[in-house]
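# Survey of secondary and tertiary structure
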2 protein chains.
Amino acid sequence: VTATIRVALDAMGGDHAPAAMVDGARRAAEDHGVDVVLVGDPERLGDATVPVVAASQWITMDEDPAIALRSKPDASVRVAASLVADGEASAFVSAGNTGATLAAALLGIGRVSGVRRPVIAAALPTPAAHGTVLVDAGASADVQPEALVSYARMGVAYARVLGTDEPRVGLLNVGAESGKGNALTRDAEEALSEQAWFAGNVEPPAVLAGEVDVVVTDGFTGNIFLKTVEAAGGADADGPGAAVLLGVAGTVLVAHGASRGAEVAAALRTAADAARADLGERVAEVLAS
Amino acid sequence: VTATIRVALDAMGGDHAPAAMVDGARRAAEDHGVDVVLVGDPERLGDATVPVVAASQWITMDEDPAIALRSKPDASVRVAASLVADGEASAFVSAGNTGATLAAALLGIGRVSGVRRPVIAAALPTPAAHGTVLVDAGASADVQPEALVSYARMGVAYARVLGTDEPRVGLLNVGAESGKGNALTRDAEEALSEQAWFAGNVEPPAVLAGEVDVVVTDGFTGNIFLKTVEAAGGADADGPGAAVLLGVAGTVLVAHGASRGAEVAAALRTAADAARADLGERVAEVLAS
């Protein structure tokens, strides 16, 4: 375990990598005092102002995550995950291929006990006391109804860590009435209804009005929802810059593929805060309790 | 066929029915000169200022559409559809149970030749020359990939009627790269790729930037997307107030369940405009060509 909080950044992942990563790392270090290490091809990183850990390979946005990870042992995202696994970094951030980030985290760091499928949690800035946690924001596009119960549990744990004592969970749906939606939401609603924290179906306006602390949905719908909120509401310059991977045994953040330097710096600051708060460990504790 | 444009309004459907319907009908008549007929229980409509056609039954938001329609032959939405079928109205509008509106339209008016499953088309106010047509905005939550090709065809026909000569169609997805998304979008992308008008996968920001004239998706995702755009971007007071049902042999509009008088009046005006432009017939012509 590192004494100081150091954040590894996948320098090769993202639409504007590596330039935006080099710029974001510099800003995070200079403006927010974050201890950053860039992971990537030193020859492509130019005159980086922060330390660099070399990685000779990288994974592009349109590669198949499983195949790419197997065939590229020195991929930047794998090296970043190994830095966390080895205790040389407290967290890692990637704006690259989300599936590859998830797979690299599972492979290199492992999952929290009892969790089958990690999930991406995004913090929506709603009027709820501590905002609203969206799970799944994009980890798994095709899932079974039972997965949504597991996602909701992780969302509840995260919301508790964020300060909500009794989080209320809504199922993202096209109507608030019971039985609405598609095959997935109808079955998920039934499975969720056994939980004391389940508040029923919620439509997008109710989510944005802060009526629930956690909103659960599949990763396809959640990613469309998140990107629409961001695009329709205008980019939030003071936002967290990244979403958190819940269910892996370490602090891993997924930044937008389109991130520029400012967003990368925000993501690095969020990662440092999450690592300092022992987010991953505290979520695991709540899940185990 | 009616000589003048008369619009039938389901007075009993919607969260704020019948009061919002009575108010909306009055406003549409007084402010926009729309010839409206209210369809519902006369005793519940108070002192309506427009003509009333009696219907002794109605369908609530949480009823199963097929069962409700069978068991309620005098349901307001069925009577409204029959007015269009009989030529006593040029169009009908309902803010009630969407599934029931769709089923009543199919049962009472029938579908356009060659169309298996009608679709709800919403006009998104994007920078595209004539806005962007969203199909499916909520007709069918669970669909097969082939349905999306049919939806796209109807969307193209509608976009042509709206004035776009060569509409470009995007598939709503979580990434612009080929192969992204869930099982449905991957198969739909393959099926759509045979079409000359297909422009590939589009993410929410690209849709809102007006990069395509038509965006196609399943009715669950489309409804979540539409409601999120409206909630995140703020309600558009000058909007159309309603979405159009494509693929039925008449002009049918679906208004928001939450519509108040102003939104109902906007929907009635949109319906009158659509009927005046022979929207349904022109879409059928483009589909047949």
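Figured I'd write up the structure that's included with this text. Note that this is a predicted model, so its numbers are computed, not measured. (Residues numbered from 1 in each chain as written. Chains lettered and ligands numbered in written order. Predicted model: local features only at pLDDT ≥ 70, side-chain atom pairs only at ≥ 80, totals over all residues. Heavy atoms only, no water.)

## A look at the interface of chain B and chain A
Note the cut-off: Throughout, a contact is declared for two residues whenever any of their heavy atoms are within 4.5 Å. As a working definition, buried area equals the accessible area (1.4 Å probe) given up by two parts on being put together, with both sides summed. Just to be clear on terms, a salt bridge is a Lys or Arg side-chain nitrogen sitting within 4 Å of an Asp or Glu carboxyl oxygen.
Taken together, the contacts link 29 residues of chain B with 29 residues of chain A. Buried surface at the junction of chain B and chain A, both sides included, amounts to about 2,400 Å², of which 70% is carbon and sulfur. Interface area lost by chain B to chain A is led by V174(B), F220(B) and I224(B), which between them contribute 24%. At the surface where chain B touches chain A, the tally comes to 4 salt bridges.

## Side note on the packing of helix α5 (residues 145-162) of chain B against helix α10 (residues 279-288) of chain B
Residues and elements named next belong to chain B. Convention followed: Lines are fitted to the C-alpha atoms to define the axes, a helix being fitted only along its stretch in contact, and any angle between axes, read from their N-to-C directions, falls within 0 to 180 degrees. Helical segments are the DSSP runs of H or I of at least four residues, strand segments are the runs of E of at least two, and each set is numbered from the N terminus. Comment on the angle field: the value is read as roughly parallel under 35 degrees, roughly antiparallel over 145, roughly perpendicular from 65 to 115, and oblique elsewhere. If you view the pair so one helix is near and one far, a crossing is left-handed when the near helix is turned anticlockwise from the far one by less than a right angle, and right-handed when it is turned clockwise.
For the pair α5 and α10, interaxial distance at closest approach is 9 Å and the crossing angle is 120 degrees. In terms of axis orientation, α5 runs oblique to α10. The crossing of α5 and α10 is right-handed. Contact with α5, carried on its side by R153, M154, A157, Y158, R160 and V161, involves L279, R282, V283, V286 and L287 of α10 and no other residues of that element.

## A look at unusual backbone geometry
Here V135(A) and D136(A) are connected by a cis peptide whose omega angle stands at 0 degrees. By the secondary structure assignment, D136(A) is in the loop between β6 (132-135) and α5 (145-162). The step from A17(B) to P18(B) runs through a cis peptide bond, and the omega angle for that step is 0 degrees. Within the secondary structure, P18(B) is located in the loop between β1 (6-10) and α1 (19-32).

## Quick notes on α10(B)
Helical periodicity: at 3.6 residues per turn, an α-helix aligns residues three or four positions apart in one direction. Residue and element names in this part refer to chain B. Applicable threshold: Accessible area is worked out with a 1.4 Å probe on protein chains only. A residue is then buried under 20% of its type maximum, exposed over 50%, and partly exposed in between. The arc in question is traced by the directions running from the helix axis to the C-beta atoms.
For α10, the set of buried residues is L279, G280 and V283. End-on view of α10: buried residues confined to an arc of 95 degrees, all on one side of the axis. Facing away from the buried side of α10, by more than 90 degrees, are the exposed residues E281, E285 and A288. Each element contacted by the buried residues of α10 is listed here: α5, β10 (242-246), β11 (251-255) and α9 (261-276).

## Considering the pairing of strand β8 (residues 198-202) of chain A
When a strand is regular, its side chains alternate between the sheet's two faces. Residue and element names in this part refer to chain A. Inclusion rule: Whether two strands pair comes down to DSSP finding at least two bridges between them. Whether a crossover is right-handed comes down to one check: with the strands pointing away from the viewer, does the path from the first strand over the helix to the second run clockwise; if it does, it is right-handed.
β8 sits mainly inside the fold: 4 of its 5 residues count as buried. Judged from the 3 bridges that link them, strand β7 (residues 169-172) and β8 form a sheet pairing that is parallel. Within the sheet, the bridge partner assigned to L171 lies in β8 and is N201. Crossover handedness for the path β7 to helix α6 (residues 183-192) to β8: right-handed.

## A look at the pairing of β6(A)
Residues and elements named next belong to chain A. With burial as the criterion, each face of β6 is covered, one bearing T132 and L134 and the other bearing V133 and V135. In this sheet, strand β9 (residues 214-216) lies alongside β6 in parallel orientation, the contact comprising 3 bridges. Paired with V135 across the strands is V216, a residue of β9.

## Remarks on the sheet that holds β9(A)
All names here are of chain A. The strand order across the open sheet built from 11 strands is β3-β2-β1-β4-β11-β10-β5-β6-β9-β7-β8, with neighbouring strands paired in mixed fashion. Two strands close off the open sheet at either side, each with one partner strand: β3 (52-54) and β8. With strand direction ignored, the average angle separating the axes of adjacent strands in the sheet is 30 degrees. The pairing of β7 with β9 spans 3 bridges and is classified as parallel. The residue of β9 that forms the bridge with V169 is V214.

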